[in-house]
Amino acid sequence: EGEPGEGREPFELQRFWDTLGQTFQVTSQEATKLSLAFSRPPLPSAEDCRKLSEDVQNAILAVATVYYWLPKGQGTTLRKMVRDATTEVVEGMIQLTDTILNSPVESLSQEQLISTGGVWEACEQVSNLPRDNQAAVSSALAACLGVVKDAVEEMEHALVEGQDPYGDIMEDEELGFRGNRDTYWSEADRQLLSSCMGLMKASKACLKKVLGAVKANGKADSPEQIAQLDDLADIANEISPSVDELALSMYPPVNPLAVRLNAAKLASVLKKVLEIAKTSHVCPPSEEGWVQFLNDAVDHNMNKIKNFTQGQL
């Protein structure tokens, strides 16, 4: 946690990445040295232990210091991804140290090998990190899209005509009576759920289109552009949990009011995403057609859901 250091020198993004890469590499090397020193008897001397500890501590402090060079003005989405990668390196080194302290020195333990490899992997991640906020937001949106795609496919699979949504867990005859109405969808349920599926598919289309717009038109050259990208990532992060909540409420026994409430929550998030996209630099006038189309699709499905559940109010 903590605030970035406001340095006196102007921030240089390329210098930051070069130095961060170097500190991650040094940390990886220190993990190797530490692990080798405790891989077989005899134990390192007190003086050697002191030197090893100092080197490890300095490497970790360097990693943390360079992370703090990155100002929030470069993008909160980018900064969170760099913070997560940095945290993983620090936690990996803590785990390796703990493993060494708790392992007998007779031989190199499996845990020690795994922990050392864990630090190496965490340190290698620096090469895969997005280099600016446009790339960071693209990466965040792509991750959201992947989760929503999976949720849509799972629900489509469950809704296949005549399929029992609990078939995979209820096949065992020992579970007893299978005539329980609570494990099936009625015809009225299925009508309601088809509009819910329309809303879930609109979520997928929305993320796909916004991701495409960020990749094609997104820039991270000015504070305003960087902030607009962060706003998009923040609101898009709400889509996946909202889709999950709606999907969960769609399983039998269906409570139409709970479905309506969760659908309304998702519709509200989607409208917000589209509004933020439309007013940002990623959406020039030529892109406004799909924004309107998806807005209409959200309204259309939400109105059908309201009609189906009107009698329940």
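Computed from a predicted structure; not experimentally measured. (Residues numbered from 1 in each chain as written. Predicted model: local features only at pLDDT ≥ 70, side-chain atom pairs only at ≥ 80, totals over all residues. Heavy atoms only, no water.)

## Some remarks on the nonpolar core
- Core analysis: the biggest nonpolar cluster contains 52 residues, and Leu 199, Met 200, Val 210, Ile 239, Leu 246 and Met 250 have the highest contact counts within it.
- Of all the secondary structure elements, the ones that give two or more residues to this core are α5 (133-158), α7 (187-217), α8 (223-236), α9 (239-249), α10 (256-278) and α11 (288-309).
- For this core, the leading source of residues is α7, giving 13 residues.
- Residues within four places of Val 210 in sequence aside, it is in contact with Leu 141, Leu 232, Val 273, Ala 277 and Trp 290. (Core = buried A, V, L, I, M, F, W, Y, C linked by side-chain atoms within 4.5 Å. Buried < 20%, exposed > 50% of the residue type's maximum accessible area, 1.4 Å probe, protein only. Helix = DSSP H or I, 4+ residues; strand = E, 2+ residues; numbered from the N terminus. Contact = heavy atoms within 4.5 Å.)

## Focus on empty space enclosed by the protein
- For the structure shown, the criterion picks out 1 cavity of 30 Å³ or more.
- If you add up the space inside the largest cavity, you get close to 50 Å³.
- Around the largest cavity, the lining residues are Phe 38, Ile 100, Ser 103, Pro 104, Val 105, Ser 107, Ser 109 and Gln 112.
- For the lining of the largest cavity, the class distribution of residues is 4 nonpolar, 4 polar and no charged. (1 Å grid on protein atoms, 1.4 Å probe; cavity = no way out; pocket = protein on both sides within 12 Å on 5 of 7 lines; lining within 4 Å. Points joined across faces, edges and corners; volume = space filled by probe spheres on them. Nonpolar A, V, L, I, M, F, W, Y, C, P; charged D, E, K, R; others polar.)

## Considering the UniProt feature "domain: Cyclin-D1-binding protein 1-like N-terminal" (unreviewed entry) in the protein
- Sites flagged by UniProt as "domain: Cyclin-D1-binding protein 1-like N-terminal" (unreviewed entry) map to residues 20-159.
- Strand forms 0% of residues 20-159 and helix 77%; the C-alpha atoms that close the span are 49 Å apart. (UniProt positions renumbered as here; feature names shortened; annotations may be inferred.)

## Section: the packing of helix α1 (residues 13-37) against helix α4 (residues 110-124)
- Where α1 meets α4, the closest approach of the two axes is 8 Å, and the angle between their N-to-C directions is 170°. The orientation of α1 with respect to α4, classified from their angle, is roughly antiparallel. Between α1 and α4, the contacting residues are Phe 24, Thr 27, Ser 28, Ala 31, Thr 32 and Ser 35 on the first element and Gln 112, Thr 116, Val 119, Trp 120, Ala 122 and Cys 123 on the second. (Axes fitted to C-alpha atoms, helices over the stretch in contact; angles between N-to-C directions. Parallel < 35°, antiparallel > 145°, perpendicular 65-115°, else oblique.)

## A look at the environment of Tyr 184
- Of note, Tyr 184 is situated in the loop between α6 (167-170) and α7.
- Overall, the relative accessible area of 35% leaves Tyr 184 in the partly exposed class.
- Considering only alpha carbons, one finds Tyr 184 and Gln 292, 108 residues apart in sequence, at a separation of 36 Å.

## A look at the layout of surface pockets
- By volume, the largest pocket amounts to about 350 Å³.
- Taken together, 17 residues form the lining of the largest pocket, with Leu 34, Ser 53, Val 56, Thr 97 and Leu 101 sitting closest to its centre.
- Contributing elements (two or more residues each) for the lining of the largest pocket: α2 (46-67) and α3 (76-102).
- Considered class by class, the residues forming the lining of the largest pocket number 13 nonpolar, 4 polar and no charged.

## Focus on the environment of Pro 223
- Within the fold, Pro 223 resides in helix α8.
- Considered as a pair, Pro 223 and His 281 are 58 residues apart in the sequence and their alpha carbons are 12 Å apart.

## A word on the side chain of Ser 103
- Locating Ser 103 in the fold gives a position in the loop between α3 and α4.
- Take Ser 103: its relative accessible area is 17%, and that puts it in the buried class.
- In this structure the side chain of Ser 103 is engaged in a polar contact, spanning 2.6 Å, whose partner is the backbone oxygen of Thr 99. (Polar contact = N/O pair within 3.5 Å; in protein donor to acceptor, adjacent residues only side chain to side chain.)

## Topic: the domain arrangement of the protein
- Each assigned domain of the protein is listed with its residue range as follows: domain 1 (13-128) and domain 2 (133-163 + 177-309).
- Just the C-alpha atoms count here: the centres of domain 1 and domain 2 sit 39 Å apart.
- The interface is formed by 7 residues belonging to domain 1 together with 8 residues belonging to domain 2.
- Summing both sides of the interface, domain 1 and domain 2 together bury roughly 550 Å²; the carbon and sulfur share of this comes to 56%.
- Summed over the shared surface of domain 1 and domain 2, the number is 0 salt bridges.
- Linking domain 1 with domain 2 are 3 residue pairs in polar contact (both at pLDDT 80 or more). (Domains from an automatic or database assignment. Buried area = accessible area lost by both parts, 1.4 Å probe. Salt bridge = Lys/Arg side-chain N within 4 Å of Asp/Glu carboxyl O.)

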